[in-house]
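Descriptive structure summary
Spelled out from the first residue to the last, the chains are:
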Amino acid sequence: MGRRLLLPHTRRLMLFLRPMRYSASATATATAGSLRDPLHVCVVGSGPAGFYTAEKMLKGREGVRVDIIDRLPTPFGLVRSGVAPDHPETKIVVNQFSRVAANPRCSFFGNVTLGSDLSLSELRKTYDVVVLAYGAESDRSFGIPGEDLRGIHSAREFVWWYNGHPDMCNLAPDLTNTDSAVVLGQGNVALDVARILLRCTTELASTDIADYALDALRSSTIRKVYLVGRRGPVQAACTAKELREILGNYKMCLKNVNVYIKEADLATSPADKEEMRNSRIKRRVYELLSKAATVHQENNDNDRKELHFVFFRKPTKFLPSEDGSTVGAMELEKTLLKDDGATGKQVAVGTGEFEELKCGIVLKSIGYKSLPIEGLSFDKYRGVVPNLRGRVLSSESETATVEPGLYVVGWLKRGPTGIVATNLHCAEETVDSILEDDRKGLFTDPSGPKREGGRRAEEQA
Ligand code: NAP
């Protein structure tokens, strides 16, 4: 592939020289005379959203040169550091991305951090088009007492740790001081971390899990994992395929694990039934959980580990262990669901009844969060860059203008949801916007908006 690893003192220079080098072969790939040729595109971030964008740009227009930059020395972002090691089929997409990187019109520059090695304004001056695809590298937090106790990690940190991400290889989660782990949240990431904690290590040994993580999991004393959700089984954010891997009974599913679900939690209200009528995914998830509530309880082998689905519990405090050195329990408030009125969504409200759940490690799996960079508008509440079909807007206000030549894709564009393939459609939309602006001559006309300043967002709508 066209990967180049650059020394810090040379890479800045290289980055600024590249577009000029490309212009030497400009005429060979010329298309319509009015189009900028070549069109220099920089994609910031080499995860699925970044690579799908590069692929679609290269296919969508002749005379495009794409440079992909990433703060890490290695490409593929979340596919490398987010996908669980026991999901090799999801990682196969790196073959497709490697073919994109091998395209002579595409280059990868690792070890380049936007915001510190170079600024957004420098990048925008250098390239015709900049597409931000740097994802979500931080975490939502609860903001409740005790959140900074030792033994509490975000699921992202834990996932990066077992996937060998350089930022987290020294995390060293203590898996030996306790027999109980609490995972807060019931999305697919929560299922991933619960599965990795419970899966037999001889099975994990044949995956690409980091060696140090495998060693730590081999010595782990954790026998019980509690998956805690503030709402009920109908609202669990995981999907059926991922749940079946834990609850099912086929080759790759979890072995030697008893699953516990309280039958009382499976009672459904008219609003729950309505939710299930409107969503096949919710119906399937609920059916799987209901079935597991009866099937797995029959198996009483003492060697088996335990996975407890805890519904209708909202975290209110992280409590210290007796010696205060680490987290020792979660304080949870029982909840019930109420229609929030505005959106028609059922939300969890506290009942004022509390209980404690003992544990020695907590993994917070309540969602990833994108971070802003200097010079970029950012919706702090939603954690996304305000945009119109991928075109970055100057603000969230109604009078916002389109930032010329600046685009966004992936989790930074739409929030931290969706599987790898969701980025394909997301990239399609952003690339369609770029190509539309290109056809309008926005990247060629010296008096055009790319040079002159923003267009009103409504002109694009
Ligand atoms: P997610 O699906 O959004 O789940 C977040 C979970 O956190 C939900 O259960 C949510 O409950 C809970 N939560 C959020 N805020 C909370 C709070 N303040 N208090 C208590 N609970 C709270 O996020 P994710 O699991 O990080 O996954 C991100 C995306 O990656 C998802 O689209 C997921 O499907 C995808 N993914 C896919 C796979 C796969 O396909 N194998 C693997 C990993 C991730 P509420 O519903 O009540 O808000």
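Residues numbered from 1 in each chain as written. Predicted model: local features only at pLDDT ≥ 70, side-chain atom pairs only at ≥ 80, totals over all residues. Heavy atoms only, no water.

Here's the deal with the overall build of the protein
Of the regular secondary structure elements, the protein holds 17 helices and 20 strands. Within the span of the protein, comprising 461 residues, buried residues form 54% of the whole. A fraction of 73% describes how many contacts in the protein between residues 6 or more apart in sequence connect residues 24 or more apart. Here the protein has roughly 20,900 Å² of accessible surface; of this, 52% comes from carbon and sulfur atoms. (Helix = DSSP H or I, 4+ residues; strand = E, 2+ residues; numbered from the N terminus. Buried < 20%, exposed > 50% of the residue type's maximum accessible area, 1.4 Å probe, protein only. Contact = heavy atoms within 4.5 Å. Areas by Shrake-Rupley, 256 points an atom, 1.4 Å probe, with all protein chains shown as cover.)

Notes on the sheet that holds strand 15 (residues 361-364)
An order of 7-15-8-9-11-10 is seen for the 6 strands of this open sheet, with the pairing classed as parallel. Single-partner strands in this sheet number two, and they are strand 7 (152-154) and strand 10 (257-261). Averaged over neighbouring strand pairs, the angle between their axes works out to 20° when direction is ignored. Two strands pair when backbone bridges link them, and strand 7 and strand 15 are joined in this way by 3 bridges, in the parallel orientation. Bridge pairing in strand 15 links His153 to Leu363. (Pairing = 2+ DSSP bridges. Axes fitted to C-alpha atoms, helices over the stretch in contact; angles between N-to-C directions.)

With respect to the UniProt feature "binding site: FAD" (unreviewed entry) in the protein
The feature "binding site: FAD" (unreviewed entry), as given by UniProt, occupies Ala49, Leu78, Leu114 and Trp411 in the numbering adopted here. Leave out the neighbours within four places in its chain, and Ala49 touches Ala133, Val409, Gly410, Asn423 and Ala427. One can find Leu78 in helix 3 (residues 77-81). Relative accessible area serves as the criterion here: at 30%, Leu78 is assigned to the partly exposed category. Among all residues touching Leu78, those that are not within four sequence positions of it are Gly47, Pro48, Val83, Tyr368 and Trp411. (UniProt positions renumbered as here; feature names shortened; annotations may be inferred.)

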